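# Topology and contacts: notes
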Amino acid sequence: MATVPIHLVLAEDDDGHATLIQRNLERVGLVNGFTRLKDGQAALDFLFGEGAYAGRTVSDTTLLLLDIKMPRVDGVEVLRRIKADARTARMPVIMLTTTDDPREIERCYQLGCNVYVTKPIDSQAFIEAIKRLGLFLQVVQVPRNGNGPG
């Protein structure tokens, strides 16, 4: 079976974190499509083809890396809307946050996130966590978001 490249969408308002994430995913060989969005509303507009992204369609092999604490619309609300819409409900979502509050983690899983990654405060530990995430993404199979089987 042929491997279909994953298009990574990163919704992250912190420029430093976004740069570290992108650079370290590229270092482990993930050179797929990559889109960075700076807040939750931009992520929703991008994924649903609205606002500045009107008429745009999202690849059916999109994987969303979603920060929780963002301006305009937070990551938990973005997750809720994505999982509530038939067009995007099957899209894999990896939550990225500095919060390790068990209630927030539980809420994200209840809303349908696939993986919850706590961003370490220490930059070297953060880099290592992103490298491990990149290795995981190299082997993960992403379901197509369309109305196909499954």
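Fair warning: this is a prediction, and the values are worked out from it, not measured in the lab.

### Quick word on the pattern of salt bridges
One pass over the full model with this rule turns up eight salt bridges. Between Asp-15 and Lys-38 there is a salt bridge, with its nearest N and O atoms 3.6 Å apart. Residue Asp-15 is located in helix H1 (residues 15–27), and its partner Lys-38 is located in the loop between strand E2 (34–37) and helix H2 (40–48); the two are separated by 23 residues in the primary sequence. Lys-38 gets classed as partly exposed once you look at its relative accessible area, which sits at 49%. Notably, a salt bridge pairs Asp-85 with Arg-87, separated by 2.8 Å at the nearest N-O pair.

### Looking at the nonpolar core
Core analysis: the largest hydrophobic core is formed by 24 residues, its most contacted members being Leu-64, Leu-66, Val-78, Leu-79, Val-93, Met-95 and Cys-108. Breaking this core down by element, the ones donating at least two residues are strand E1 (7–11), H2, strand E3 (62–67), helix H3 (75–84) and strand E4 (93–97). In terms of residue count, the dominant contributor to this core is H2 (six residues). Beyond its immediate stretch of four places on either side in the chain, Val-93 contacts Leu-64, Leu-66, Leu-79, Ile-82, Lys-83, Cys-113, Asn-114 and Val-115. Within the second largest apolar cluster, 12 residues are counted, among which are Ile-6, Leu-65, Ile-94 and Leu-133.

### Concerning the environment of Leu-44
On the secondary structure map, Leu-44 appears in helix H2. With 38 residues separating them along the chain, Leu-44 and Ile-82 place their C-alpha atoms 7.9 Å apart. Apart from the residues within four sequence positions on either side, Leu-44 is in contact with Val-73, Val-78 and Arg-81.

### Examining H3
Buried within H3 are the following residues: Gly-75, Val-76, Val-78, Leu-79, Ile-82 and Lys-83. The arc that holds the buried residues of H3, viewed along the axis, is 160°, so those residues lie on one side. Buried-residue contacts for H3 involve H2, E3, E4 and helix H4 (102–111). Where H3 begins, the capping side chain belongs to Asp-74, and its oxygen is found 3.2 Å from the backbone nitrogen of Val-76.

Conventions adopted
Residues numbered from 1 in each chain as written. Predicted model: local features only at pLDDT ≥ 70, side-chain atom pairs only at ≥ 80, totals over all residues. Heavy atoms only, no water. Salt bridge = Lys/Arg side-chain N within 4 Å of Asp/Glu carboxyl O. Helix = DSSP H or I, 4+ residues; strand = E, 2+ residues; numbered from the N terminus. Buried < 20%, exposed > 50% of the residue type's maximum accessible area, 1.4 Å probe, protein only. Core = buried A, V, L, I, M, F, W, Y, C linked by side-chain atoms within 4.5 Å. Contact = heavy atoms within 4.5 Å. Arc of directions from axis to C-beta. Polar contact = N/O pair within 3.5 Å; in protein donor to acceptor, adjacent residues only side chain to side chain.

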